[in-house]
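Coordinate inspection notes
Here are the chains, one letter per residue:
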Amino acid sequence: MIQITRIYSDANGESHFEDFEVPLKNNGDIGFLSDDEPVKSIVFREVSPSYDYDFHNAPDRQYIVLLEGGVEIETSLGEKRTFETGSILLVEDTTGKGHKTKNIEPKLRKSIFIKL
């Protein structure tokens, strides 16, 4: 199983976290794989050590894979979670009140956006 945290907006525009797992199937010598999921594009990103972005919406429904550096994300309801290198997020709050994001380490943070 692959652990993913979803960030989404409810009917009132409030953002929330939800954890889920992606099941994997045994594919023999090549390992365990998930089902295919269609994607639109991929974006590679790097942000400065001082990155601290106030409330905003995701520009697209997308996965974010943290390659290097951790991040703290805060929902519109004030819940905060920390995500370390290797974490995978499914960001779906393209409307509503959005979320805050800031680096938790004094170094460049590198990530991949996989737009759905």
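One can find the structure itself at the top, above this paragraph.
Residues numbered from 1 in each chain as written. Predicted model: local features only at pLDDT ≥ 70, side-chain atom pairs only at ≥ 80, totals over all residues. Heavy atoms only, no water.

Judged from the eight bridges that link them, strand β1 (residues 2-9) and strand β2 (residues 15-22) form a sheet pairing that is antiparallel. What sits directly across from S9, in β2, is S15. Between the end of β1 and the start of β2, which pair antiparallel, lie five residues, with G13 showing a positive phi angle near 85°. With three bridges joining them, β1 and strand β10 (residues 88-91) adopt parallel strand pairing. Directly across from T5, in β10, lies its bridge partner L89. (Pairing = 2+ DSSP bridges. Helix = DSSP H or I, 4+ residues; strand = E, 2+ residues; numbered from the N terminus.)

Counted by the stated rule, this structure contains twelve salt bridges. Here the salt bridges share partners, and the residues they tie into one network are R6, E18, R61 and E92. (Salt bridge = Lys/Arg side-chain N within 4 Å of Asp/Glu carboxyl O.)

What follows is about the sheet that holds β1. Paired through their backbone hydrogen bonds, the strands of a sheet run either parallel or antiparallel. In spatial order, the strands read β2-β1-β10-β7-β12-β5; together these six strands make up an open sheet with mixed pairing. At either margin of the open sheet sits one strand with a lone partner, and together these are β2 and β5 (41-47). In this sheet, adjacent strand axes meet at a mean angle of 25° when their direction is disregarded. As paired elements, strand β7 (residues 62-68) and strand β12 (residues 109-115) share six bridges and run antiparallel to each other. (Axes fitted to C-alpha atoms, helices over the stretch in contact; angles between N-to-C directions.)

The next subject is the nonpolar core. Counting eleven residues, the largest nonpolar core consists of I7, F17, A58, I64, L66, V71, I73, F83, L89, V91 and F113. Going through the elements one at a time, β7, β8 (71-75) and β10 are the ones with two or more residues in this core. If we ignore the near neighbours within four places in the chain, the residues touching V91 are I7, A58, D60, R61, Q62, I64 and H99. (Core = buried A, V, L, I, M, F, W, Y, C linked by side-chain atoms within 4.5 Å. Buried < 20%, exposed > 50% of the residue type's maximum accessible area, 1.4 Å probe, protein only. Contact = heavy atoms within 4.5 Å.)

Along the chain, the position of K80 falls in strand β9 (residues 80-83). Note: C-alpha distance between K80 and S50 (30 residues apart in sequence) is 18 Å.

This part covers a nonpolar patch on the surface. Where nonpolar side chains cluster on the molecular surface, the patch consists of I2, L24 and F32 and spans about 260 Å² of accessible area. Summarising the element assignment, L24 is placed in the loop between β2 and β3 (25-26). Given a relative accessible area of 30%, L24 falls into the partly exposed group. (Patch = residues over 30% accessible without salt bridge, like charges linked within 9 Å, V, L, I, M, F, W, Y side chains within 5 Å. Areas by Shrake-Rupley, 256 points an atom, 1.4 Å probe, with all protein chains shown as cover.)

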